[in-house]
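# Descriptive structure summary
As a plain string of letters, each chain reads:
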Amino acid sequence: MKKIIFVWFFAGLMVCCALIKPSPAPYPTGIIFPLETEGKIDFQGEIDRSLLRVGDRLFFTTWDGFLYCADGRNRTIFWKKKPPDTLSRPAYASQARVYVCGDKFLYVFDLAGKRLWHLRLPAPLSSGIRENDGKVFFGTENGEMIACDAGEGTLVWRFQAGRACRSNPVPMSNMIVFGCEDHRLYFLDSTNGRLVDTYLAGGAIEAEPCVSGDNIYFGSDDGLFTCVNMKKKQKIWEVKTGSSVIVPPVVWGKRLLFLSWSSILFCVNKNSGIILWWRNIPARSPYRMEIIKDRIVLSSISNQIIAFDIKSGVQVGTYEAEYNVKANPLWMDPFLLLGFYDEQNERGKILYLKKEVKAFLAASKISPQNKDTEIIFTASTHGFFKPEFEFYLTFEGHKEIVLERSEERTWTWYPSQEGKFLVSVKVFDQKQTADAEVPFVIGVAKKSEKKEVIMQRDEALALVKEHLKNKNLIKHCLAVEACMRAVAERLGEDKEKWGLAGILHDLDYEVTEKSPELHTKETVKILEDKGISSDIIHAIQAHAGQVPCENPMDWAIYSIDPLTGLIIAATLMHPSKKLAEMDLGFIKRRYKEKSFARGADRSIIEECRNLGIELDDFISICLKAMQDIHEDLGL
């Protein structure tokens, strides 16, 4: 009987499990890498460290003394003001007012730009500004913490600390808390400014403390980060950071994140102080951190922003800009906003970054091919969630679906007739679409009746040395030649012909260096006089953008030319300065640094996809080719 009951129970359990369907995964939101620029706000001057948001309005000051208000959604400047005093600190914004501080006065505006009041300061501000419960609080260099009525600017109270009040004041219950140069945290009654308590730290406290429940978290310039429980009036834990903390810590659930001036981001358990993980960032950062769902995003005194998964500490993405970052990252769903400064044009920019949504299509074989050849087209994507794919074939203006919408990302083609075709794919998910296409020729082109010469390699090298005197230029031609031969071998193409295009591609560089629009034109004359094959000449023209790329040899030399320069530059940065000791990982790290080898245009290098070769594979092929001739290259 017991066995029968067990069998029925087990069967019922299995039926219930079968009926319960797992909930579908939600569409990802928040910041998703890679990022691309979607728009910008342009303005005069350099942003002063802080980008603020109140609803859809953005507020910031510039080093030349202007306060700006921008429409964050429409990306236009609402208004700008220039107070008569020199601005000394970034702006602070509440839900109703904007505060800016000069050398002698504190100025207050409403969100429409109307000046509400101003206040003469007893001494220059030494802290940031905080509005809370109808009052505005700020500290000064002479050690005063001052509270004023936020609506009228009248003095409510002032408190004298031991030295300059450095950290931003922070509300805690009915108190205001701030850090001081005299190594103390001060706890004041926010109503009347009376001293409630103090805590003596081991060094000056500069960064805004973080309050969570009865605990307060802060860093000091003795290289310690501390948690104090004010209810128990005791230190709970401390962590050695090795340097000061100057930006506010942030809490995420049971985790606390803080950034040391030694460019290390720490993630600790906020209750125990146990370090869960730590990571280096590209440079020091005076900018506030931004938490976006389960990720933390940081900017630094560099051209990069970087994001980490808060749970694991895994780096989930970077973005490298043309200019150095000048402010904190700011999330305005679905955009990440970043402030930059173009020094050459003396213009500030707030870039709007969003996830990159792209589709790519690659063929397993290079055009042209013969009839009845198996050709596999594979689609790949950026920024899609559970993508679906629909493949099309266009011939003589007629477009037909060859693989209906599904999760299948490949389509296999066995062409049965000759001609020029266009293979394309449309990618879908719940919210977005993108397209990619590959032109493809079936049938071998007729051979030209004109007899064309394939020059011997020794003759080509002699011609290069005759026209180029710069040894580094000759080495560059040798590097491109080696890579062209290696890629040709990978694709089953003519290595000799591709190698000649590589070694001869910069033949006239020295005579056209100051007139780049003429580059390759002298080369064409020289090679046509020698009867060199027209497809070699076309590839040489294509590498300089004089003609569009039309075939694999064109695309190969177009992408290889800048890549060889980047590999050489990376080698010179390597501790060994030897090609033999280079690896893909080292090159990719340098590749991601946009300020590194700026002349090596990454977008051109990435056109290697037109060869059906992914970027990492392409770099590896060229690196190996250059390593094989490292003696000729002097590396």
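Throughout what follows, the structure given in this document is the object of discussion.

Criteria and cut-off values
Residues numbered from 1 in each chain as written. Predicted model: local features only at pLDDT ≥ 70, side-chain atom pairs only at ≥ 80, totals over all residues. Heavy atoms only, no water. Phe/Tyr/Trp six-rings, centres within 6.5 Å; stacked < 30°, edge-to-face > 60°. Buried < 20%, exposed > 50% of the residue type's maximum accessible area, 1.4 Å probe, protein only. Lys NZ or Arg CZ within 6 Å of the ring centre and 35° of its normal. Axes fitted to C-alpha atoms, helices over the stretch in contact; angles between N-to-C directions. Helix = DSSP H or I, 4+ residues; strand = E, 2+ residues; numbered from the N terminus. Parallel < 35°, antiparallel > 145°, perpendicular 65-115°, else oblique. Contact = heavy atoms within 4.5 Å. Nonpolar A, V, L, I, M, F, W, Y, C, P; charged D, E, K, R; others polar. Pairing = 2+ DSSP bridges. Disulfide = S-S within 2.5 Å.

All told, the structure shown has 28 aromatic pairs when counted by the stated rule. Relative to Phe 421, the ring of Trp 413 has its centre 5.1 Å away and its plane inclined at 70 degrees; by these criteria the two rings are edge-to-face. Each member of the pair, Trp 413 together with Phe 421, is buried. Aromatic rings pair up to connect Phe 377, Phe 395, Trp 411, Trp 413, Phe 421 and Phe 440 into one cluster. The residue whose ring lies beneath Lys 399 is Tyr 392, and the NZ or CZ to ring-centre distance is 4.5 Å. We note Arg 609 situated over the ring of Phe 360; from NZ or CZ to the ring centre the distance is 4.2 Å.

The next subject is the packing of helix α2 (residues 457-467) against helix α4 (residues 495-504). At a closest axis distance of 10 Å, the pairing of α2 and α4 adopts a crossing angle of 10 degrees. Between α2 and α4, the angle falls in the class roughly parallel. Here Arg 457, Ala 460, Leu 461, Leu 463 and Val 464 of α2 lie close against α4, whose contacting residues are Leu 500, Ile 503 and Leu 504. Partitioned by chemical class, the residues of the contact of α2 with α4 number 7 nonpolar, no polar and 1 charged.

An order of β6-β7-β8-β9 is seen for the 4 strands of this open sheet, with the pairing classed as antiparallel. In the strand order of this sheet, the two ends are held by β6 (92-93) and β9 (115-120), each with one partner. As paired elements, β6 and strand β7 (residues 97-101) share 2 bridges and run antiparallel to each other. Note on β7: the bridge partner recorded for Tyr 92 is Tyr 99.

Each disulfide consists of one covalent bond between the sulfur atoms belonging to two cysteines. Tallied over the full model, the rule gives 0 disulfides. Cys 483 carries a free sulfur, and the closest cysteine sulfur to it, the one in Cys 622, is 3.8 Å from it. Judged by its relative accessible area of 0%, Cys 483 falls in the buried class.

Nothing here speaks to function; it is all geometry.
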